Structures are given as C-alpha cells and as structure tokens.
Amino acid sequence: MKPKLQQTDLIIVGAGPAGLSAATAAADNGLSVTVIDEFPEPGGRMLGQFHEEQGHWWVGKRIADELIEKNRAQGVSIRCGVSVYGMLKVDQLWEVSTSHGTWTAPRVLLATGAAEIPMPTCGWTLPGVMSIGAAQVMTNVHYVKPGKRGLIIGVNVLAMAIARELSVSGVMLAGIVLPPGGPLAGKAALPRNNLQVLMGLSHLAPSPILRFGGKIAYALGMAGIVSSLFPRRGIKLWDIPLKLRTAAVSINGTDRVESVTLADVNAKGEIIAGSEREEAVDFVALAGGLYPLAELASVAGCPFIYTPELGGHLPLHSERMQTPVEGLYVAGNITGVESALVAMAQGQLAAASICSDAGVLGEDGDRKVVEAIGEVQRVRASALIQFHPGIPEARRKIYRMWQQTYEAGV
Amino acid sequence: MKSNRDTVSFTFNGKPLTGYRGEPIAAALLAAGIRTLRKHEESGNPRGLYCAIGHCMECRLSVQGKGIVRSCLTPLEDGMTVLEGQQLANEITGRKLP
C-alpha cells in the first residue's frame with residue numbers, strides 16, 4: 001500500500017531556533033508550514049541553554065516557548081518524535097520520508113543544527129561517560145543529574161558554557177581538564193591553544209580569567225612560558241577548577257565510571273612522568289566541540305565545502321541561505337556553528353528567501369531578503385558567545401565562492 | 001517548569017521502577033541509578049547513553065511491542081516492559097549465546 005502523502009508549501013527539518021524562527025516568518029507570509037523534529041519536544045538545544053548576560057539571564061527555554069506559541073497561533077504544524085531519513089525530488093516536489101509517513105512540498109529548509117565531535121579517550125565506552133551536551137540535556141531538559149560528581153575533559157566554548165550551567169544547576173564538578181595528547185586530540189591537548197580559546201571567552205568569565213588576562217596575553221606571545229604562569233592547581237572559574245596543566249590519561253571502572261587518572265602536562269601537552277593520580281568521579285563529560293549536522297543535505301544532492309572556522313564540512317549555500325539544489329535551503333548550525341541568536345536571524349533570512357522565491361512577497365521580496373541579511377550580520381557582530389574568531393571572514397569566503405560559481409555571468 | 005508530572009510504573013530487566021510519563025526512558029533509568037542500557041552486541045561490555053539526543057545510537061535497548069529503540073528519544077509510558085540491549089551470537093567467531 002502506498003503511504004498517504006501529506007502536502008504542504010514548506011517542510012522544515014529541525015524545530016530549534018533556526019527552524020522555529022523560519023516557520024513563524026514563513027507562515028506570517030501565508031505559506032503552510034510543517035516542522036519535523038525527532039526530539040520529543042520542540043525547541044532544539046535552546047531548551048537546555050542559559051547564560052548570564054550583562055546582569056540578566058538569557059534563558060533559551062523561555063525564547064523557545066515564545067517561538068512555539070507564535071507558531072501554534074499561526075497554524076504551523078510542529079511534528080515531534082518524527083525522524084526524517086530520506087529526501088527525493090519528484091516532479092518539482094520534494095518527497096520527505098519519515099518514520100511517520102511521507103510529506104511533500106516544493107521547498108524544504110534544513111535546520112538540523114549541529115552534532116558533537118566524538119573524543120575517543122581510554123575508557124570512554126564505560127557507562128557514565130557522555131558528551132558534554134548529554135550532561136546538559138539530562139540536567140537542564142530532563143532534570144536528572146548526570147551523576148554525583150563529574151569531570152569535564154576538553155576546553156572549548158561549549159565546555160565552558162555548559163560547565164557554568166551544570167554548576168548553577170547544582171551538579172558537582174571536580175574540574176575541567178585537557179584531553180590526553182595524541183593524534184586524535186590534536187591541538188585540543190595543547191595548553192597554549194587552550195589559553196587562546198579562553199582569551200576569546202574572557203568577556204564571559206568573572207574575575208579570575210580577567211585578572212589573569214594580561215599575563216595570559218603576554219604568555220601567548222612566548223610559547224613555553226605558559227606552563228610557568230598558569231597555576232598548577234588550576235584557577236577557579238565559577239567555582240569550577242579549570243586545570244590547563246592537567247590532562248586526563250584514562251577513565252577507569254569495571255562496569256561504570258569510578259575514577260579518572262589525571263597527570264600534569266608540560267607546555268607541549270606531554271605527560272610529566274610520575275605525576276599520575278586518581279580522581280574519584282561517577283561521570284565524565286567529553287567536550288570535543290561541534291560540527292554541522294548535514295547528512296540530509298548530502299542525501300538531497302547538495303555539494304559540500306570544508307570550512308574549519310565554521311565546524312568542518314557544510315552544505316554550500318548563498319548569503320540568502322539557498323543551496324545549489326533548487327528548492328533546498330539551509331539555516332542555523334548546519335551552515336556553521338554559531339550561537340542560537342544567529343541561528344534565529346538566519347531562520348528569518350531563510351524564510352524571506354523562500355517566500356521571495358515562492359513569489360508571495362511581490363515586489364518587496366528582494367528588499368526583505370536584503371534587510372534580513374543585514375539583521376544576521378548585526379546579530380553576528382554583537383553575539384556574546386563566539387565559537388570561532390574567524391567566522392565573519394570564513395562566511396565572506398563562502399559567499400564569494402558561491403558568487404563565482406553560481407552567479408557568474410548572470 | 002515541569003511540575004505536576006504523572007508518575008508511571010514500568011519494568012527494566014524485570015525490576016519494577018517508576019518514572020515520569022513522557023520523559024525519555026534513558027532519563028527515567030538514570031534517575032533510578034541505572035547506567036548500563038545495553039551489552040555490546042559483539043564484546044558484551046556494558047554501554048550507557050552517550051549523546052542523549054538521538055545522534056549516536058549508544059543507548060539502544062528493547063521495549064516490548066516497539067522493538068529496539070533509542071532510549072534517549074523514546075518517551076516513557078505506563079506499563080512499559082524494557083529490556084537492556086543484548087550481546088549477540090556470532091557465526092563467524094562461533095560465539096553462541098549462553
């Protein structure tokens with residue numbers, strides 16, 4: 001029996017900040033919109049995010065609730081617990097195959113977000129070892145503590161932001177340490193590289209990093225001096241010991257995490273022999289960073305480009321969020337890892353592009369798209385959480401490549 | 001916030017437990033102190049949840065009537081019979097199940 005086709009003007013895959021923002025904007029212009037997400041509730045990773053911003057708290061859950069309410073009022077259909085596994089263009093219509101039947105639409109927006117980069121570590125398959133995002137979701141979305149006392153391995157923007165959330169939520173952390181050196185960890189195991197990451201975060205941190213700021217900046221210019229400046233016992237960041245001269249050697253336990261073996265490292269990230277000791281913890285959060293989750297773009301036949309500043313391989317797209325595949329658009333972290341606020345602005349931009357291409361904006365189409373592009377740039381410039389300093393330049397490079405490839409001679 | 005959630009009963013490997021209706025099975029099990037969700041199909045080593053958002057497939061286990069599911073994405077229902085993922089036989093190495 002052929003499954004029933006459910007037709008709509010626009011299918012959005014992903015009910016996070018980008019997808020929900022795009023849905024409400026497109027519905028506002030009269031399109032019928034279906035948003036599909038395999039997580040049981042809408043909101044995406046915003047559901048677990050919160051941080052302090054100039055004296056007040058930015059709470060992702062609240063923003064998500066507002067967006068969901070807006071969408072419901074506009075008649076947007078949000079289908080959660082539905083997994084998309086295929087996309088095929090048949091007679092100018094996309095057929096989107098899901099665990100709950102097939103939807104069709106002339107236009108599809110992929111707002112699938114990002115996934116975490118796995119960080120293989122000795123003992124990482126033990127129950128109790130999880131990605132840093134899993135610790136965040138368990139704590140802030142499901143209200144279940146990931147354990148009694150944990151350790152974070154890996155120093156990056158995501159790790160620092162979530163460490164703060166866990167500490168506010170009452171989850172005890174033994175500290176944040178470096179991953180073990182080696183080909184898999186790469187630069188993430190180098191103390192010097194991690195200081196650079198932290199300098200990019202100093203605007204988020206209270207006094208300790210700021211106090212150390214000058215010394216750290218000085219040390220960055222002189223490789224090797226770092227290890228003599230950064231205190232071996234670490235510094236406290238929001239009550240969490242941040243240990244840039246300590247690496248995790250292995251995670252230990254028989255059928256669950258019981259401890260982590262830690263050791264001191266030199267400025268090159270090499271273990272100092274004889275410094276190994278055990279830290280008792282019952283969970284470990286691995287923070288390897290994020291990459292764009294883009295398999296569906298590949299299934300749909302979209303070409304990819306490699307841009308390390310934006311998280312790796314991502315679908316080629318224009319500044320208007322179009323891909324080279326007709327009727328296929330992208331927005332949010334699938335286009336490069338940035339904060340939720342940028343993703344929301346990108347969602348609105350994608351909706352403007354889609355509505356303009358669908359002809360429902362009349363003569364205003366181009367103007368609205370250009371306005372939305374300006375808004376993305378404004379939000380990006382003022383974003384508090386910058387995942388990589390090279391983002392604006394990397395984006396300009398992609399859009400130039402697009403113009404040279406697809407708009408030449410037009 | 002998530003106040004006034006219904007408490008439901010379910011079993012894991014035959015053990016009676018309670019959790020909140022609609023929370024992922026993996027969250028209900030973690031709240032009950034259970035971390036091992038499956039035995040690795042090949043090695044039999046214990047495995048738990050890893051990403052908690054459906055990407056990694058580490059938390060798969062079986063729910064009677066549904067088959068093998070990702071426990072981080074599957075909402076808990078009243079009366080569910082949940083079993084941990086099992087080690088499998090391997091015809092190539094000759095390993096048989098106990």
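Quick caveat: nothing in here was measured; it's all calculated off a predicted structure.

### Comments concerning the sheet that holds strand S9 (residues 101-105) of chain A
Residue and element names in this part refer to chain A.
Here comes step 1: Read across the open sheet, the 4 strands follow the order S1-S9-S8-S7; overall the sheet is mixed. With partners counted over all chains shown, the strands left at the sheet margins are strand S1 (5-7) and strand S7 (84-90), one partner each. The mean inter-strand angle of the sheet, taken between neighbouring strand axes irrespective of direction, is 25°.
Here comes step 2: Inspection of the sheet shows strand S8 (residues 93-98) paired to S9 by 5 bridges, in the antiparallel sense. By the bridge assignment, glutamate 95 is partnered in S9 with threonine 104.

### Looking at the interface of chain A and chain B
Here comes step 1: Opposite the 35 residues of chain A that make contact, chain B presents 25 residues.
Here comes step 2: When the area that chain A buries against chain B is broken down by residue, the three leading residues are Pro127, Met138 and Tyr143 of chain A, summing to 22%.
Here comes step 3: Counting the contacts that link chain A with chain B gives 1 salt bridge.
Here comes step 4: In this structure, the salt-bridge partner of arginine 70 of chain B is glutamate 38 of chain A, at a minimum N-O distance of 2.8 Å.
Here comes step 5: At the junction of chain A and chain B, the tally comes to 6 residue pairs in polar contact (both at pLDDT 80 or more).
Here comes step 6: When contributions to the side of chain A that touches chain B are tallied by element, the ones reaching two or more residues are strand S11 (114-116), strand S12 (129-131), helix H3 (132-141) and strand S19 (283-286) of chain A.
Here comes step 7: Tallying contributions element by element places H3 of chain A first for the side of chain A that touches chain B, with 5 residues.
Here comes step 8: Considering only residue class, the side of chain A that touches chain B consists of 20 nonpolar, 8 polar and 7 charged.

### Considering empty space enclosed by the protein
Here comes step 1: Taken as a whole, this structure holds 5 cavities of 30 Å³ or more when the rule is applied.
Here comes step 2: Each pocket or cavity is described by its volume, and for the largest cavity that value is around 70 Å³.
Here comes step 3: Lining the largest cavity, in full, are Gly128 and Met130 of chain A together with Ala26, Leu30, Ile34, Arg35, Leu37, Gly48 and Leu49 of chain B.
Here comes step 4: Of the residues contributing to the lining of the largest cavity, the split by class is 6 nonpolar, 2 polar and 1 charged.

### As for the side chain of glutamate 338 of chain A
Here comes step 1: Structurally, the position occupied by glutamate 338 of chain A is in the loop between strand S23 (328-330) and helix H9 (340-358).
Here comes step 2: Given the relative accessible area of 7%, glutamate 338 of chain A is considered buried.

### Some points on the pattern of salt bridges
Residue and element names in this part refer to chain B.
Here comes step 1: Summed over the entire model, instances satisfying the criterion amount to 20 salt bridges over all chains.
Here comes step 2: With its nearest N and O atoms 3.2 Å apart, the salt bridge here joins arginine 95 to glutamate 42. Within this pair, whereas arginine 95 is found in the segment after strand S7 (81-83), its partner glutamate 42 is found in the loop between strand S3 (38-39) and strand S4 (46-47), the two being separated by 53 residues in sequence.
Here comes step 3: Assessed through its relative accessible area of 22%, arginine 95 is described here as partly exposed.
Here comes step 4: Taking relative accessible area as the criterion, glutamate 42 reaches 36% and is therefore assigned partly exposed.
Here comes step 5: Each of Arg38, Glu41, Arg47, Glu58 and Arg60 takes part in a single network of salt bridges with overlapping partners.

### Concerning H3 of chain A
Residues and elements named next belong to chain A.
Here comes step 1: The element H3 is extensively covered by neighbouring structure, given that 10 of its 10 residues are classed as buried.
Here comes step 2: Those residues of H3 not exposed but buried are Ile132, Gly133, Ala134, Ala135, Gln136, Val137, Met138, Thr139, Asn140 and Val141.
Here comes step 3: Positive phi shows up at tyrosine 143, right after H3, with a value of about 60°.

### A look at unusual backbone geometry
Here comes step 1: Backbone geometry places aspartate 91 of chain A, a non-glycine residue, at a positive phi of 50°.
Here comes step 2: Structurally, aspartate 91 of chain A can be placed in the loop between S7 and S8.
Here comes step 3: Residue class for aspartate 91 of chain A comes out exposed when judged on its relative accessible area of 73%.
Here comes step 4: Phi is positive for alanine 52 of chain B, which is not a glycine, with a value near 65°.
Here comes step 5: You can see alanine 52 of chain B is positioned in the loop between S4 and strand S5 (60-63).

### Focus on the packing of helix H1 (residues 17-28) of chain A against helix H2 (residues 60-73) of chain A
All names here are of chain A.
Here comes step 1: Relative to each other, H1 and H2 sit at 35°, their axes nearing to 9 Å. Both H1 and H2 take part in a crossing whose hand is left-handed. Facing H1, whose interface residues are Pro17, Leu20, Ser21, Ala23 and Thr24, H2 presents Leu67, Ile68, Lys70 and Asn71.
Here comes step 2: The class makeup of the residues in the contact of H1 with H2 is 5 nonpolar, 3 polar and 1 charged.

Analysis parameters
Going along each chain's sequence as written, the residues are numbered from 1 onward. Each chain takes a letter, starting from A, and each ligand takes a number, starting from 1, following the order in which they are written. Where totals are concerned, whole chains, interfaces and linings use all residues; where local detail is concerned, this predicted model gives features only for residues with pLDDT of at least 70, and gives and counts side-chain atom pairs only at 80 or more. Values reported for side chains reflect all heavy atoms of the structure, with hydrogen atoms and water molecules removed beforehand. For two strands to be treated as a pair, DSSP must find no fewer than two bridges joining them. Here a strand is any run of E in DSSP of at least two residues, a helix any run of H or I of at least four, and the numbering for each starts at the N terminus. Axis definition: a line fitted to C-alpha atoms, over the contacting stretch in the case of helices. Angles run 0 to 180 degrees between N-to-C directions. Contacts: residue pairs with any heavy atoms within 4.5 Å of one another. Two parts placed together each lose some accessible area under a 1.4 Å probe, and the buried area is that loss summed for both. Salt bridges, as used here, are contacts in which a Lys or Arg side-chain nitrogen is within 4 Å of a carboxyl oxygen on Asp or Glu. For this analysis, a polar contact is any N or O atom pair within 3.5 Å, provided that within protein one partner can donate a hydrogen and the other can accept it, and provided that sequence-adjacent residues contribute only side-chain to side-chain pairs. Ten residues, namely Ala, Val, Leu, Ile, Met, Phe, Trp, Tyr, Cys and Pro, are considered nonpolar, four, namely Asp, Glu, Lys and Arg, are considered charged, and the remaining ones, Gly among them, are considered polar. A 1.4 Å probe that fits but cannot get out identifies a cavity on a 1 Å grid over protein atoms alone, an open set with protein on both sides within 12 Å along at least five of seven lines counts as a pocket, and a residue lines either if it has an atom within 4 Å of a point. Grid points are joined across faces, edges and corners, and a volume is the space filled by probe spheres set on the points. Burial status follows relative accessibility: with a 1.4 Å probe on protein chains alone, a residue under 20% of its type maximum counts as buried, one over 50% as exposed, and anything between as partly exposed. Here a crossing is taken to be left-handed if its near helix is turned anticlockwise relative to the far helix by less than a right angle, and right-handed if that turn runs clockwise.

Take it as geometry only, folks, not as evidence of what the structure does.
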